[in-house]
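Understanding the architecture of this molecule
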Amino acid sequence: MSLDPASLEIVIYPDPVLRQRADAIADITDETRAVAARMIELMHRAEGIGLAAPQVGLSWRLFVAHVPPDDGRSTDETPPTALATPVVFINPAVTMPSAELESHEEGCLSLPEIRGPILRPPQITIDAMDIEGTQFSMRVSGLLARCLQHEFDHIEGILIIDRFPQMARLRTRSAVRALERDAQAR
Ligand code: ZN
């Protein structure tokens, strides 16, 4: 193995890897599986509901998500709004069936303390490969649909601050600058 999955940690804005359009995964190997397992561990440790490979410094089209069932979220609904277990999405494609948009507050593990409202379609279909290389398709709604769109943005190099409306951009500007200064000081 050329990389040590145990050494992966969550990278923080403005790390340039967060701005790259990630590369498709050609082969799913033991290394891919070990990286995905490490990402699930990091996501749970940080109490997040999703984590994309660029957020651990890897420009790969892979992300993990676990939006657990809760009040108002369920795996039994059609379409589901939660996941019973963590799911790995490899080389995903997202289809947005409608032009309808809903606004909801979002945060990001790579942008600590920064939150703001983002408009997104409330339902999507996602097609991806699982960790065994099997193609699957899911239609999802609610927070799960939002989470998967957020993670998909990561593999396109798009961050929540790019999608904030002007008011949220102004309100979070000093916190974003502070992260940029912290990075320069390191
Ligand atoms: Zn994020």
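Preceding this paragraph is the structure being described.
Heads up: these notes are all about the structure in this document. Quick caveat: nothing in here was measured; it's all calculated off a predicted structure.

What to know about the coordination of the zinc ion
Every protein donor of the zinc ion is accounted for by Cys108 (SG), His150 (NE2) and His154 (NE2), and the metal-donor separations fall at 2.0 to 2.2 Å. Coordination of the zinc ion draws on donor residues from a single chain, spaced C-x41-H-x3-H in sequence. Residue Cys108 is found in the loop between β4 (102–106) and β5 (116–120), and its partner His150 is found in helix α2 (residues 142–155); the two are separated by 42 residues along the sequence. Accessibility expressed as a relative area gives 10% for Cys108, which makes it buried.

Some points on the side chain of His150
When its relative accessible area of 9% is taken as the criterion, His150 is described as buried. When neighbours within four sequence positions are excluded, His150 is seen to be in contact with Glu106, Gly107, Cys108, Arg120 and Ile160.

Brief notes about the environment of Leu83
Turning to its location among the elements, Leu83 is positioned in the loop between β2 (62–65) and β3 (87–95). On the accessibility criterion, Leu83 (5% relative accessible area) is buried. Between the alpha carbons of Leu83 and Ser137 there is a distance of 14 Å; along the sequence they are 54 residues apart. Contacts of Leu83, omitting those with residues within four sequence positions, involve Ala65, His66, Val67, Pro68, Pro69, Thr75, Met138 and Leu144.

Details of unusual backbone geometry
The step from Tyr13 to Pro14 runs through a cis peptide bond, and the omega angle for that step is 5 degrees. Within the fold, Pro14 resides in the segment before α1 (30–45). That bond from Thr78 to Pro79 is cis: its omega, -10 degrees, falls within 30 degrees of zero. For Pro79, the position within the fold is in the loop between β2 and β3. Here Asn91, not a glycine, exhibits a phi torsion of approximately 45 degrees, which is positive. Within the secondary structure, Asn91 sits in strand β3. Of note in this structure, Glu113 is not a glycine but carries a positive phi near 75 degrees. Mapped onto the elements, Glu113 comes out in the loop between β4 and β5. What makes Glu113 exposed here is its relative accessible area of 80%.

Cut-off values and rules
Throughout this description, residue numbers start from 1 for each chain and increase along the sequence as written. Side-chain atom pairs in this predicted model are given and counted only at pLDDT of 80 or more, local residue features only at pLDDT of at least 70, and totals for whole chains, interfaces and linings cover all residues. For the side-chain quantities, the full set of heavy atoms in the structure was used; hydrogens and water were omitted. In this listing, donors mean N, O and S atoms no farther than 2.8 Å from the metal, or 3.2 Å for Na, K and Ca; water is missing from the atoms, so a site can look incomplete. Each helix corresponds to a stretch of at least 4 residues labelled H or I by DSSP, and each strand to a stretch of at least 2 residues labelled E; elements are numbered beginning at the N terminus. Between buried and exposed lies partly exposed: a residue is buried under 20% and exposed over 50% of the maximum accessible area for its type, with that area taken using a 1.4 Å probe on protein chains only. Any pair of residues with heavy atoms lying within 4.5 Å of one another is described as a contacting pair.

That's the geometry; what it means functionally is another story.
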